[in-house]
Every structure is written in structure tokens, then in C-alpha cells.
Amino acid sequence: MGLPGVIATWPFGGPAASAGFQRLLAGGSAVDAVEVAGNIVEMDPSVSSVGYGGMPNALGVVELDAAIMDGATHEAGAVCAMVDIGTPISIARRVMERSPHVMLAGIGARDFALSQGFILQSQLTPQAQQRWDEWRNSEAAEAVVAHFPTPPLAPDNHDTIGICALDAHGNLAAGCTTSGMAWKLAGRVGDSPIIGAGLYVDNEFGAAAATGHGDEMMKACLTYRTVMNMAKGMSPTEACIESLRYLLSRRSTFNNPYGAAIVSIRKDGEFGSAATCSGFEAPSRVWSWAAANDNTPNGLISTGPYVDLSAVYSTLP
Ligand code: SD4
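Just so it is clear, the model here is predicted, and its values are computed rather than measured.

Draft legend 1. Quick peek at the overall build of the protein. Helix and strand content of the protein: nine helices and twelve strands. Relative to the 2.2 N^0.38 estimate, which gives 20 Å for 317 residues, the radius of gyration of the protein is 18 Å and therefore close to what a compact globule would have. The 317 residues of the protein split such that 59% are buried. Accessible area for the protein stands at about 12000 Å²; split by element, carbon and sulfur atoms hold 55% of it. Of the charged side chains in the protein, 18 are positive and 30 negative, and the gap between their average positions amounts to 4 Å.

Structure below.
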């Protein structure tokens, strides 16, 4: 059995990983740890890409995506394009545990959350409203409305908290929660709530979660591939790198600095991570992730590694 721990994407994953690890120390399961880690970021209005405080879509509506997967049971739950309900990863967990389905969308997700005792609460903060107002009055917004190109990105207008946890019983779990790409078309759903794309776990081998340009990433089933790479014997970091090399080989138009990144944890508790590039829409922005275990209980933030672009496959090995 491995060393319990939690890994999460981005610097805001630091407090999340730490809170998740505390939950593991208190006897919580890997699923509990993933949920509490997600909730911390979802409820933080200063994080402009997850939950309350997330950036809205092109119509000014905050649509949230989230999913959770339990390695012990191989069950999964997800919500997508959900409006006016907070803590979406908790709704995803309810879908997993209290419905016969895996994913609920839009109004159905919201009504299910209400039936579970959650309350209606706008997820649009005044700051996010102001950012949307500024965007809506820009030429870029006209282009989105008129031509539907990929919406312009800025360093703080997208990012997902992806989380993987291993508990003291040796069970794994993974989760993702996000407001998706800012200014996305209404109804757009990214990779984050899709099992095998934004997150995946196989209790025998490991767990993985992803962040980045979901419209591209979900075409390569990145996290399924990462876990299967660990099953083949790769280290968690090698497994992430191989998946991203696959993405880059199959999506030759995948445009760095639109980035993609993965975090992973193996059955023995070893952490791994990789990204396609530094930058992620801002030259100075580096790929960062956070991990917490007995050695780093407060969540240590690390950076990189990056895929060696000269080693991207021309044909698969
Ligand atoms: C999405 N993957 O909705 C998410 C956004 C993200 O870094 O993680 N951006 O496509």
C-alpha cells in the first residue's frame, strides 16, 4: 500500500491539496479528499476559473462543469453546463452515489442538486460581471458572436482544479471542477467532466486529472491514456509525458501556448505531472502543481516538466 497523498493542478491547488490531505489524515477516503479539495477552490471567489467567481460564457452566464471518480468502486459522477448551483464537485458526487446515471447537464443538473438540498445561488461575482462587461464591449466579443472562433484566452480566464488522491486503505480517486473557458459559447462543455478526458482512475494502477485547452484535449482521452501508461509500467511523470506527446502528434495544429497539462498519482503514492509548454497564454506563466503527503503536508508547489517538442511522435512507437 502506498503513502497517502493528494496532487492538484495550479498554485490554487496548494490549499486544496493540503485540505484534502488533512481529510485523509482524519480517516477520510480518497473520494472525501478529492471533494473537499475541490470545494475549497470552488468556494474561493478569487479563483476566476472554478466555481463561485468563475468567468461566465459569451452570454454572461456562469456554467460549471465537474466530475468525480471513485477507484474503489469504479463509479463516476459528473455535472456539466450547470447554472446557479455552488460546489459542483459535490453535486457530481451525489450523481455518482444517489442516481443511476453518470452525467447530468444544464437544467437537469440544477434540478437534481435542488432535490438533494442544495440551494440556488448565482455563481457570478461582481468582479466576474465586470470582466464580462469589458469583454462584451471589445472587438474580440464581436468576433465570437459573429464568427465563433476559439475565444481569446488570458492567463486568468480559464484553468481547472484537477485532483487525484490516494487514501490510507490504498484506494484512489480523481476529480475536476471548472467554469471552463471564459466567454465560451453557451452550452459548451470541456474535457473536465468527461471520464477518461478530464479525469480517470483505475484502482489497480493510478489516477490522473487534466487542465488546459479542453476542446483539443478531449480528442485524445488524455487521462485514460495516462493511467493505462502507468499500468504498462511507466512512472507517473513518464505516463503524463507520453499522453501529451500523443495529443501533440495527433493534433498537429494544437497551438502552444494554448496548453495542456496532467497530474497523476500511482498506486504506490508517487506523484507525476507534465505540461505541453510553459506559457499557457502568458509568456511568464509556468506550469505549476501542488502535492501534499506526509513529507509535504501543507502542499508543496512544483513546476514543469514540459514535453520535449523535438521528441513528439511523427508516428506512434
Ligand atoms: C476546459 N480544461 O473547460 C478546461 C479549462 C482549463 O486550463 O482547464 N483550462 O477546457
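Here the narrative resumes.
Draft legend 2. Representation of the pattern of salt bridges. Within the structure shown, the criterion is met by ten salt bridges. For glutamate 35, the salt bridge goes to arginine 93, with nearest N and O atoms at 2.7 Å. Separated by 58 residues along the polypeptide, glutamate 35 in helix α2 (residues 30–42) and arginine 93 in helix α3 (residues 88–98) bring together distant segments of the chain. The two residues glutamate 35 and arginine 93 agree in class, both being buried. Two residues, arginine 188 and aspartate 215, come together in a salt bridge whose shortest N-O distance is 3.1 Å. With arginine 188 in the loop between β6 (172–178) and β7 (199–202) and aspartate 215 in helix α7 (residues 214–217), this pair connects stretches of sequence that are 27 residues apart. What emerges from the salt-bridge pattern is a single network uniting Asp32, Glu35, Arg93 and Glu97.

Draft legend 3. Structural context of the packing of aromatic side chains. One pass over the structure, following the stated rule, counts three aromatic pairs. Judged by centre distance (5.1 Å) and plane angle (10 degrees), the rings of tryptophan 135 and tryptophan 183 are stacked. Here tryptophan 135, found in helix α5 (residues 126–136), pairs with tryptophan 183, found in the loop between β6 and β7; they are 48 residues apart in sequence, far enough to count as distant. Assessed through its relative accessible area of 6%, tryptophan 135 is described here as buried. Of the residues examined, tryptophan 183 reaches a relative accessible area of 4% and is grouped as buried. A centroid spacing of 5.0 Å and a plane angle of 75 degrees characterise the contact between tyrosine 200 and tyrosine 224, whose relative ring orientation is edge-to-face. Of this pair, tyrosine 200 sits in strand β7 while tyrosine 224 sits in helix α8 (residues 222–231), placing them 24 residues apart in sequence. Tyrosine 224 sits in the partly exposed class, given a relative accessible area of 38%. Just above the ring of tyrosine 246 sits the side chain of arginine 225; from NZ or CZ to the centre is 3.8 Å.

Draft legend 4. Focus on the sheet that holds strand β10 (residues 271–275). Pairing is antiparallel in the open sheet, where four strands are placed in the order β7-β8-β9-β10. Either end of the sheet is taken by a strand with one partner, and the two such strands are β7 and β10. Adjacent strand axes in the sheet meet at a mean angle of 10 degrees, parallel and antiparallel pairs treated alike. Looking at chain direction, β7 and strand β8 (residues 206–212) are connected through four bridges and run antiparallel. By the bridge assignment, aspartate 202 is partnered in β8 with glycine 206.

Draft legend 5. How the structure looks around the sheet that holds strand β4 (residues 103–105). With mixed pairing, eight strands are arranged side by side in an open sheet as β4-β3-β2-β6-β5-β1-β11-β12. The strands lining the two open edges of the sheet, one partner per strand, are β4 and β12 (300–303). Neighbour to neighbour, the strand axes of the sheet diverge by 10 degrees on average, direction disregarded. Running over the sheet, α3 touches β2 (64–70), β3 (75–82), β4 and β6 and is turned about 135 degrees from β3.

Draft legend 6. How the structure looks around the packing of helix α1 (residues 13–25) against α2. At a closest axis distance of 8 Å, the pairing of α1 and α2 adopts a crossing angle of 145 degrees. For the pair α1 and α2, the sense of crossing is right-handed. On α2, the residues that touch Pro15, Ala16, Ala19, Gly20, Arg23 and Leu24 of α1 are Ala30, Asp32, Ala33, Val36, Ala37, Ile40 and Val41. Each residue belonging to the contact of α1 with α2 can be placed in one class, and the counts come to ten nonpolar, one polar and two charged.

Draft legend 7. Up close: α5. Of the residues making up α5, those classed as buried are Ala128, Trp132 and Trp135. The buried side chains of α5 occupy one side of the element, clustering within an arc of 60 degrees when seen end-on. Residues of α5 that are exposed and angled more than 90 degrees away from the buried face: Pro126 and Gln127.

Draft legend 8. Summary view of the packing of α8 against helix α9 (residues 236–250). Close contact between α8 and α9 brings their axes to 8 Å; oriented N to C, the two are set at 135 degrees. Classified by the angle between their axes, α8 and α9 sit oblique to one another. Regarding α8 and α9, the two cross each other, and that crossing is right-handed. Contacts between α8 and α9 involve Leu222, Arg225, Thr226, Asn229 and Met230 from the first element and Pro236, Ala239, Cys240, Glu242, Ser243, Leu244, Tyr246 and Leu247 from the second.

Parameters at a glance
- Residues numbered from 1 in each chain as written.
- Predicted model: local features only at pLDDT ≥ 70, side-chain atom pairs only at ≥ 80, totals over all residues.
- Heavy atoms only, no water.
- Helix = DSSP H or I, 4+ residues; strand = E, 2+ residues; numbered from the N terminus.
- Rg over C-alpha atoms; globule rule 2.2 N^0.38 Å.
- Buried < 20%, exposed > 50% of the residue type's maximum accessible area, 1.4 Å probe, protein only.
- Areas by Shrake-Rupley, 256 points an atom, 1.4 Å probe, with all protein chains shown as cover.
- Lys, Arg positive; Asp, Glu negative; His and termini not counted.
- Charge placed at Lys NZ, Arg CZ, Asp CG, Glu CD.
- Salt bridge = Lys/Arg side-chain N within 4 Å of Asp/Glu carboxyl O.
- Phe/Tyr/Trp six-rings, centres within 6.5 Å; stacked < 30°, edge-to-face > 60°.
- Lys NZ or Arg CZ within 6 Å of the ring centre and 35° of its normal.
- Pairing = 2+ DSSP bridges.
- Axes fitted to C-alpha atoms, helices over the stretch in contact; angles between N-to-C directions.
- Contact = heavy atoms within 4.5 Å.
- Left-handed = near helix turned anticlockwise from the far one by under 90°.
- Nonpolar A, V, L, I, M, F, W, Y, C, P; charged D, E, K, R; others polar.
- Arc of directions from axis to C-beta.
- Parallel < 35°, antiparallel > 145°, perpendicular 65-115°, else oblique.

So far we have only geometry, and geometry alone does not tell us how the molecule works.
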